[in-house]
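Single-letter residue listing:
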Amino acid sequence: MKIPSKKVVALFCLIVLVVAGAVLCHRPDPVEKSAYIMGTLVRVRAWGAGADRAVPEALERLSALEQALSANLEDSDVARVNRAGGRGVSVSSATGDLLGEALRFAGLSGGAFDPTVGALVDLWGIGTEQARVPGDEEILSALERVDWHGVRLFDGNEVRLEAGQQLDLGGIAKGYAADVLRDQLKREGIRSGLIDLGGNILVFGENPRGGKWRIGVQDPIQSRGGVLGVVELREGSVVTSGTYERFFERDGVRYHHILDPATGRPARSGLLAVTVVSPGSLEGDALTTALFVMGLDLGIALVNGLEGVEALFVTEDGRVVLSPGLEGRFTLQGEGYRLETR
Ligand code: ADP
Ligand code: MG
């Protein structure tokens, strides 16, 4: 057999190296689409065959969920229940399921999370043109219409409120929607994905860029975009709620959109923000709202009693407090904070 010349061998090796390099370094580009849905900027990114079709379908599904769940859309399940004035209304089984979960978190949080805050949300109008500081009498009268024990759910899809009560699922709907979208994308064969509903992040599958997913957490005292730190996770949800999301200021006081069902006013629990890291986004969303109202001491006790759920609290006095499971998985980047674990 003829022995190939050194030049041919070198050329062959070069070709092998180039091809191997191209295969190894090839990071398939994801399909990504954004839209403004549920009052927020939504971004869905997916890797894998079928992503071209699955991503737009996910956004369509999100619009359909908004149609059912938004208290502000006239024909939504929630608006129909709210107009029924104490009579029973049948809703989609998805809305019924979500309401069941909302009631579960109301119980778990001792009413800090309350899906009947609608009357208070309307009164304060935070995030709308009509935002104002209501009088004490008005707050007391709205508070009489806030109590999750008044909600009845029959056969999973018939809902009845007490007369005058108003449902508002704004504190849980985005988390629920993120879970629904993840399940749909997985069914369509998507390997890995990232669902971002205005800062509620859910990731699944392996990070195609290698290693764990790294999710930035918003710094509540910097304007949008400032990073408090980075959470690492294999997959799951990272949801943050804080005073910076939606608010107005009057006479030097900030009135934000997380209301305390005990006082009828924006919660003042000594916190600026809460982040929950959990397997699913529904629990993350409900819990961030609940923990924000509960404050650090009650909140950390609740989290530490829940399997698989971790949280990070940012206090008004400049501390970042982690539940034990986040130790080593959160890197602080914000300046001027003290890091603690409890
Ligand atoms: P965001 O929507 O900014 O991510 P949250 O998940 O904390 O923030 O939800 C806040 C929304 O939840 C409010 O705009 C309101 O619709 C509703 N809400 C406010 N306070 C409560 C509460 N105590 N329990 C349940 N829902 C609430
Ligand atoms: Mg929430």
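Just above sits the structure.
What comes next is a walk through the structure. This one's a predicted model, so the numbers in the text were calculated from it and none came from an experiment.

Considerations on the sheet that holds strand β17 (residues 319–322)
Part 1 of the argument: With respect to topology, nine strands assemble into an open sheet ordered β1-β2-β6-β7-β10-β15-β16-β17-β19, the strand pairing being mixed. With partners counted over all chains shown, the strands left at the sheet margins are β1 (31–37) and β19 (338–341), one partner each. Across the sheet, the mean angle separating the axes of adjacent strands is 10 degrees when strand polarity is ignored.
Part 2 of the argument: For strand β7 (residues 200–204) and strand β10 (residues 236–242), the ladder comprises three bridges, and the chain directions are antiparallel. Bridging across to β10, L202 finds its partner in S237.
Part 3 of the argument: Packing against the sheet, helix α7 (residues 173–187) makes contact with β2 (40–47), β6 (192–197) and β7, and its axis sits at approximately 20 degrees to β7.

Let's talk about helix α6 (residues 136–143)
Part 1 of the argument: Of the positions making up α6, those classed as buried are I139, A142 and L143. For α6, the arc enclosing every buried residue in end-on projection is 100 degrees, short of the 170-degree limit, so these residues lie on one face. Exposed residues lying more than 90 degrees from the buried face of α6 are E137 and L140.
Part 2 of the argument: Contact partners of the buried residues in α6: α5 (118–124) and β14 (265–266).

Remarks on the coordination of the magnesium ion (ligand 2)
Part 1 of the argument: Taken together, the protein ligands of the magnesium ion (ligand 2) are G171 (O), D285 (O), D285 (OD) and T289 (OG1), with distances of 2.1 to 2.5 Å.
Part 2 of the argument: Sequence positions of the residues that donate to the magnesium ion (ligand 2) give the spacing G-x113-D-x3-T. One end of the pair, G171, is in the loop between β5 (158–160) and α7; the other, D285, is in helix α8 (residues 281–294), with 114 residues separating them in the sequence.
Part 3 of the argument: With relative accessibility at 18%, the residue G171 sits in the buried group.

Cut-off values and rules
Residues numbered from 1 in each chain as written. Chains lettered and ligands numbered in written order. Predicted model: local features only at pLDDT ≥ 70, side-chain atom pairs only at ≥ 80, totals over all residues. Heavy atoms only, no water. Pairing = 2+ DSSP bridges. Helix = DSSP H or I, 4+ residues; strand = E, 2+ residues; numbered from the N terminus. Axes fitted to C-alpha atoms, helices over the stretch in contact; angles between N-to-C directions. Contact = heavy atoms within 4.5 Å. Buried < 20%, exposed > 50% of the residue type's maximum accessible area, 1.4 Å probe, protein only. Arc of directions from axis to C-beta. Donors = N, O, S within 2.8 Å, 3.2 Å for Na, K, Ca; no water.

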